[in-house]
Amino acid sequence: MSLEPETLDVVVIGAGAAGLFCAGIAAQLGLRTIVLDHAKKPAEKVRISGGGRCNFTNIDCAPDRFLGDNSHFAKSALARYSPLDFCDLMARHRLSWTEKTLGQLFCDQKSGAVIDLLLDELAAGNGSLRLQTVISDIEKIETGFRVTTNNGVVESASLVVATGGLSIPKMGATGFAYDLAKKFGHEVVSPRAGLVPLTFSGALKDAFAALSGVAIDARVSANGTQFDEAILFTHRGLSGPAVLQASSYWREGAPIDVDLLPGVDILGVVKAKREADGRSTPLQWLEELFPKRFAIFLGPALGIVGDQRLGEYSNIRLAEIAEKLSHWTLKPTGTEGWRTAEVTVGGIATDGLSSKTMESRHVPGLYFIGECVDVTGWLGGYNFQWAWASAHAAATGISQKAS
């Protein structure tokens, strides 16, 4: 270990999407920059994203697709670095992409190519990456910060923390950023798992396990926010895009509301079915609308028993069935937790940060970016766009301050 500290302009802690991108910009702006990370490989969460295809942004990105205690905080950074800006960077690296549903952009060359882009951008500015580096201490000094590691001591005028949140601990996620933020006087909004499957207990768990693998389109609402996408039944409860989206808004002990036929006049449809084929049973009608296994499960849940024909059902009874189909209220017992959560909801409180530069309002020269901040995007590339935008805000802010 060198006894003399290495002097730099910028030290970035965390070699994920936000950290590498920030370091690459800073280095190309002429700042002596290094990235430190305890992992053996950089950007492992980028590597597994989108099943290895890397949903690197969303063309429909807008501030209202993000949640946090301050819903306006992300506006500035997102406005100054857009999805089109990152697409331009991809094109300069001769990478292409495909737009999937709901504005999601996936890299045609897969996630490894996006990681190479980030590393090439860092190298283009002569920035350095130091992996398998464990930080033992960070001090505020007169000239900035002193970072003590197992690979030596580095000092810099600016320190950027981009170590992510608590999601997917097998990838090396830790609470490092939160601990450091608290050390320097920042508040932390209690982190919780987001974009995560919901779990159930008792009879519902058994029923959903029996339906495991069945998927249906639905509208899932939690805490006043709703999503129209697929839901998937699992051995432990519910997953699928609509449920993952709603999970970021769901709070423990609260119910979720499921509309099984969103946008459909269910009462009108079932009345028409009764008029056209009054001899059919409600179960037969349900099997026309849903996968058979789910239709059979729904029967008892809707109070449908026996072989009574639709023609024998009153308007009041049909209205009751329609109401239950449009407002199926379920109460999860929890989530699958950090193991499968795609993101962390909560994090470093934004009232202690500049929305323009991500710099600490308490400690000049200290910056927090990416997932560790209390800004969480929807499923579908939004969290990558926050990584790019917040990294860009910090790197340009540091450069302007240094000039």
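A brief report on the enclosed structure follows. (Residues numbered from 1 in each chain as written. Predicted model: local features only at pLDDT ≥ 70, side-chain atom pairs only at ≥ 80, totals over all residues. Heavy atoms only, no water.)

Re the overall build of the protein chain
Heads up, the condition is: Only DSSP runs of H or I reaching four residues or more are called helices, and only runs of E reaching two or more are called strands; each is numbered from the N terminus. Throughout, exposure labels follow a simple rule: accessible area from a 1.4 Å probe, protein chains only, divided by the maximum for the residue type, with under 20% read as buried, over 50% as exposed, and the rest as partly exposed. Residues are treated as being in contact if the distance between any of their heavy atoms lies within 4.5 Å.
Along the protein chain, the regular secondary structure elements total 13 helices and 21 strands. In terms of its C-alpha atoms, the protein chain occupies a principal-axis envelope of roughly 85 × 40 × 35 Å. Classification of the 403 residues of the protein chain by burial places 54% in the buried group. Pairs at least 24 apart in sequence give 71% of the contacts found in the protein chain among residues at least 6 apart.

Details of the nonpolar core
A general tendency of soluble globular proteins is for nonpolar side chains to be buried together. Note the threshold: Nonpolar core, defined: a set of buried Ala, Val, Leu, Ile, Met, Phe, Trp, Tyr and Cys residues in which side-chain atoms within 4.5 Å join the residues together.
Among the nonpolar cores identified, the biggest contains 123 residues, and Phe233, Phe294, Leu325 and Trp386 are the most heavily contacted of them. The element contributing the most residues to this core is helix 13 (residues 382-402), with 11 residues. With near-sequence residues (within four places) excluded, Phe294 lies in contact with Leu211, Val214, Ile216, Phe233, Leu260 and Trp328.

Quick look at the sheet that holds strand 14 (residues 225-233)
Spelled out, the test is: Strand pairing is defined by DSSP finding a minimum of two bridges between the two strands. Axis definition: a line fit to C-alpha positions, over the contact stretch in the case of helices; interaxial angles, taken between N-to-C directions, run 0 to 180 degrees.
Taken in spatial order, the 7 strands of this open sheet run 17-16-13-14-15-12-18, and their pairing is antiparallel. Each edge of the open sheet is held by one strand with a lone partner, namely strand 17 (328-330) and strand 18 (334-335). Sheet analysis places strand 12 (residues 198-199) next to strand 18, joined by 2 bridges and oriented antiparallel. The residue of strand 18 that forms the bridge with Thr199 is Gly334. Running over the sheet, helix 12 (residues 315-326) touches strand 16 (256-259) and strand 17 and is turned about 120 degrees from strand 16.

Brief notes about the environment of Gly172
Mapped onto the elements, Gly172 comes out in the loop between strand 10 (152-161) and helix 6 (176-183). Sequence spacing of Gly172 and Ala39 is 133 residues, and the spatial spacing of their C-alpha atoms is 7.1 Å.

Comments concerning helix 10 (residues 282-289)
The criterion, for reference: The arc in question is formed by the directions pointing from the helix axis toward the C-beta atoms.
Along helix 10, the residues classified as buried are Pro282, Trp285 and Leu286. Buried residues along helix 10 cover an arc of 100 degrees about the axis, so they all sit on one side.

Topic: the pairing of strand 19 (residues 343-348)
For a regular strand, side-chain orientation follows a simple rule: the groups alternate between the two sheet faces. Across the 6 residues of strand 19, 6 count as buried, placing the element largely inside the fold. Where strand 11 (residues 188-194) and strand 19 come together, 5 bridges link them in antiparallel fashion. Among the inter-strand pairings, Gly194 is bridged to a residue of strand 19, identified as Val343.

With respect to the pattern of salt bridges
Short version of the rule: What makes a salt bridge here is a side-chain nitrogen of Lys or Arg within 4 Å of a carboxyl oxygen of Asp or Glu, nothing more.
Considering all chains together, one arrives at 17 salt bridges under this definition. The salt bridge involving Arg32 is made with Asp9; its shortest N-O contact spans 3.1 Å. Taken together, the residues Arg32 in the loop between helix 1 (17-28) and strand 2 (33-36) and Asp9 in strand 1 (residues 6-13) connect sequence positions 23 residues apart. Between Arg47 and Glu44 there is a salt bridge, with the nearest N and O atoms lying 2.8 Å from each other. Here the residue Arg47 and the residue Glu44 both occupy positions in helix 2 (residues 44-48), the gap between them amounting to 3 residues, near one helical turn. Put simply, Glu139, Arg146 and Glu155 are held in one network by salt bridges that share partners.

Observations regarding the packing of aromatic side chains
As a reminder, the rule being used: Here a Phe, Tyr or Trp ring, Trp counted by its six-membered ring, pairs with any other such ring whose centre lies within 6.5 Å, and the pair is stacked when the planes are under 30 degrees apart, edge-to-face when over 60, and tilted otherwise. Charge over a ring is defined by NZ of Lys or CZ of Arg lying within 6 Å of the ring centre and within 35 degrees of the ring normal.
Under the counting rule described, the total for this entry stands at 22 aromatic pairs. Aromatic side chains Phe73 and Trp386 sit 6.4 Å apart centroid to centroid with 65 degrees between the ring planes, which places their arrangement in the edge-to-face category. Taken together, the residues Phe73 in the loop between strand 4 (66-67) and helix 3 (75-80) and Trp386 in helix 13 connect sequence positions 313 residues apart. Seen in terms of ring centroids, Phe290 and Phe294 are 5.4 Å apart; in terms of plane orientation they differ by 85 degrees. Their pairing is edge-to-face. The class of Phe290 is buried, set by a relative accessible area of 6%. An aromatic cluster is defined as three or more aromatic residues linked by ring pairs; in this entry it consists of Phe21, Phe56, Tyr81, Phe86, Trp97, Phe384 and Trp388. In this structure, Arg53 is placed above the aromatic ring of Phe106, and the distance from its NZ or CZ to the ring centre is 4.3 Å.

Re the environment of Asp120
Positionally, Asp120 belongs in helix 5 (residues 111-124). By relative accessible area, Asp120 is classed as partly exposed at 44%. Linking Asp120 and Val269, residues 149 residues apart in sequence, is a C-alpha distance of 57 Å.

A closer look at the environment of Phe294
Here Phe294 is to be found in helix 11 (residues 292-301). Along the primary structure Phe294 and Ile216 are separated by 78 residues, whereas in three dimensions their C-alpha atoms are 9.0 Å apart.

Quick word on the sheet that holds strand 5 (residues 97-99)
With respect to topology, 3 strands assemble into an open sheet ordered 3-6-5, the strand pairing being antiparallel. Each edge of the open sheet is held by one strand with a lone partner, namely strand 3 (55-58) and strand 5. Adjacent strand axes in the sheet meet at a mean angle of 30 degrees when their direction is disregarded. Looking at chain direction, strand 5 and strand 6 (residues 104-107) are connected through 3 bridges and run antiparallel.

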